[in-house]
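# Reading the structure
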Amino acid sequence: MISAVVRIFRTPDLRRKIGFALGIIALFRLGSFIPSPYVDFGNVQACLNANQNTSGLYELVNLFSGGALLQLSIFALGIMPYITASIIVQLLRVVIPHFETLHKEGQAGQSKLTQYTRYLTIALGVLQSTTLITVARSGALFGTNSTPECTQLLTNDAWYAILLMVITMTAGTGLIMWMAELITEKGIGNGMSLLIFTSIAAGFPRSLGNVYAARGLNTLLIVLAMGLLVIVAVVFVEQSQRRIPVQYAKRVVGRRTYGGNNTYIPIKVNMAGVVPVIFASSLLYLPALIAQFNQPAAGQQPAAWVTWVSTYLVKSDQPSYMILFFLLIVGFTYFYVAITFNPEEVADNMKKYGGFIPGIRAGRPTAEYLDYVLTRITLPGSIYLGIVAILPLIVLALAGANTDFPFGGTSILIVVGVGLETVKQIDSQLQQRHYEGLLR
């Protein structure tokens, strides 16, 4: 293992790629601490220190931005607009036939879809930055029980100041998108995934420090042990797959014989990745968002439904929140897998090239068999996602620890998945040059 790591830095091309990726990541982290125009940096830091143990409305977006959102920096929106745009474009393939046609056209069609994704990212950046600045002006960015400094986050709320802040944050999103593409092109690994990995990993030390300060060393050790167990379980399941054997009939073209080989279709237990968790988290934030904008005036009691939502659908230590979160993850897993994997398309491609599953007729019976296998394997995959997402919440609720837990379901799934993929790419680069990779 050590010799393989040494070979990485002895290979000039690989060393240059890793150094370039690390340089872009350093610039990305630097931009997360540069405040936007007309933002009172002192008041923002005071609010962060006073509310560091609070799970706010924008917890998920703040996680993906590496803490830049609540600091109102130039990279406040982080990668979330691009993630949302990518998911929307992917879902539109089912609704709009033109998008599906572009997807099947190869490189030219993929370039067109990428261009649509970029345009949608900028549009979402304008929308999200406007919403963020509006919430910051109202003093509700850090919750309704914030300190007086949290109501004075902006030094100027004139229209031109707000316009400049919107342009700055939107431009920051476009710059992040460009930096991620540079990493993919000239660095190592997937640029967007690595930036998400960096944003999440950057919050681990602060979160662990908060747990230690609030509950002491014993709780911190429990949290670390829990995180290690979750990581082991995630690695095991992420590498698990059901291999459906496929045989190809022999074809004689001229004097050459094609086909006749055996292969398999790998169906992962978790085909949906972390997308269902993101969907479920975003949907659960909608009631909290609606309740936040329906707060009563000073001296008046809030409406009954606002109190119920604030009690049962906002706090992650409530059983109702955990149950609803789990059910949403299971439902969204089936929904997303049904969109991304089309058994009929796979069966048609196999039939076109003379492939068949032993014991299953080609065509519609193959599609029905693939759908049957996919439905059965998605069930444990969806349950696994739900358990990984809510297990830390259950443990911390029983232990009475801080809800600012660094090893939550979304964090671990992304960090482990990106880490495994990046290591595989480095391993393939080493095997091209030394015949021995990083993995044994």
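Anything mentioned here points back to the structure above.
The following paragraphs examine the structure supplied in this document. In this text, all values refer to a predicted model and were calculated from it rather than measured experimentally.

### Digging into the overall build of the protein
The secondary structure content of the protein amounts to 16 helices and 5 strands. The 440 residues of the protein split such that 44% are buried. Within the protein, contacts between residues at least 6 apart in sequence are counted, and of these 72% link residues at least 24 apart. Taken as a whole, the protein presents about 22800 Å² of accessible surface, with 62% of it coming from carbon and sulfur.

### A closer look at the packing of aromatic side chains
The final tally for this structure, using the stated rule, is 5 aromatic pairs. Where F28 meets F75, the ring centres are 6.1 Å apart and the plane angle is 20°; that geometry is what we call stacked. Pair noted here: F28 is in helix α2 (residues 12-31) and F75 is in the loop between α4 (59-64) and α5 (80-95), with a separation of 47 residues, a long-range link. Residue classification places F75 among the buried positions, given a relative accessible area of 4%. By the ring-pair criterion, three or more aromatic residues cluster together here, those being Y38, W159 and Y160.

### Points about the environment of L113
Here L113 is to be found in helix α7 (residues 107-138). Contacts of L113, omitting those with residues within four sequence positions, involve V89, F99, L102 and H103.

### Overview of the pattern of salt bridges
This structure, assessed with the given rule, holds 7 salt bridges. For E181, the salt bridge goes to R118, with nearest N and O atoms at 2.9 Å. Of the two residues, E181 is situated in helix α8 (residues 159-186) and R118 in helix α7; the sequence distance between them amounts to 63 residues. Accessibility expressed as a relative area gives 28% for E181, which makes it partly exposed.

### Some remarks on the side chain of T378
As for its placement among the helices and strands, T378 is situated in helix α15 (residues 364-399). The buried category is assigned to T378, whose relative accessible area is 5%. Of the polar contacts made by the side chain of T378, one reaches the backbone oxygen of L374; its length is 2.5 Å. Setting aside anything within four residues of it in sequence, one finds T378 in contact with T333, Y334 and V337.

### Quick word on a negative patch on the surface
A surface patch of negative charge is lined by E344, E345, D348 and D371. Considering every element that reaches the negative patch, the biggest residue donor is helix α14 (residues 343-352), with 3 residues.

### Brief notes about the nonpolar core
Within the largest apolar cluster, 71 residues are counted, with the highest numbers of intra-cluster contacts made by I79, L195, V234, F325 and L413. With 10 residues, α15 is the single largest residue contributor to this core. Leave out the neighbours within four places in its chain, and L413 touches V234, E238, V274, V277, Y384, L385 and V388. Grouped together as the second largest cluster of nonpolar side chains are 21 residues, V39, A76, L141 and L153 included.

### Quick word on unusual backbone geometry
Notably, Y38 is not glycine yet its phi reads approximately 65°, a positive angle. By secondary structure assignment, the location of Y38 is in the loop between α2 and α3 (41-50). For Y38, a relative accessible area of 30% puts it in the partly exposed group.

### Some details on the layout of surface pockets
Taken as a whole, the second largest pocket holds about 1500 Å³ of empty space. Contributing to the lining of the second largest pocket are 42 residues, with Q90, N190, S193, V275 and Y336 lying nearest its centre. Looking at the lining of the second largest pocket, the elements with two or more residues in it are α5, α7, α8, α9 (191-202), α11 (275-292) and α16 (409-434). Looking at the lining of the second largest pocket, the element that brings in the most residues is α16, giving 8 residues.

### Focus: the sheet that holds strand β5 (residues 355-356)
The strands making up a sheet associate through hydrogen bonds between their backbones, and the pairing can be parallel or antiparallel. The strand order across the open sheet formed by 3 strands is β4-β1-β5, and the pairing between neighbours is antiparallel. Only two strands of the sheet have a single neighbouring strand rather than two, namely β4 (262-268) and β5. By the bridge criterion, 2 bridges tie strand β1 (residues 241-248) to β5 in an arrangement that is antiparallel. When the bridges of β5 are listed, Q247 appears paired with F356.

Rules and cut-offs
Residues numbered from 1 in each chain as written. Predicted model: local features only at pLDDT ≥ 70, side-chain atom pairs only at ≥ 80, totals over all residues. Heavy atoms only, no water. Helix = DSSP H or I, 4+ residues; strand = E, 2+ residues; numbered from the N terminus. Buried < 20%, exposed > 50% of the residue type's maximum accessible area, 1.4 Å probe, protein only. Contact = heavy atoms within 4.5 Å. Areas by Shrake-Rupley, 256 points an atom, 1.4 Å probe, with all protein chains shown as cover. Phe/Tyr/Trp six-rings, centres within 6.5 Å; stacked < 30°, edge-to-face > 60°. Salt bridge = Lys/Arg side-chain N within 4 Å of Asp/Glu carboxyl O. Polar contact = N/O pair within 3.5 Å; in protein donor to acceptor, adjacent residues only side chain to side chain. Patch = residues over 30% accessible without salt bridge, like charges linked within 9 Å, V, L, I, M, F, W, Y side chains within 5 Å. Lys, Arg positive; Asp, Glu negative; His and termini not counted. Charge placed at Lys NZ, Arg CZ, Asp CG, Glu CD. Core = buried A, V, L, I, M, F, W, Y, C linked by side-chain atoms within 4.5 Å. 1 Å grid on protein atoms, 1.4 Å probe; cavity = no way out; pocket = protein on both sides within 12 Å on 5 of 7 lines; lining within 4 Å. Points joined across faces, edges and corners; volume = space filled by probe spheres on them. Pairing = 2+ DSSP bridges.

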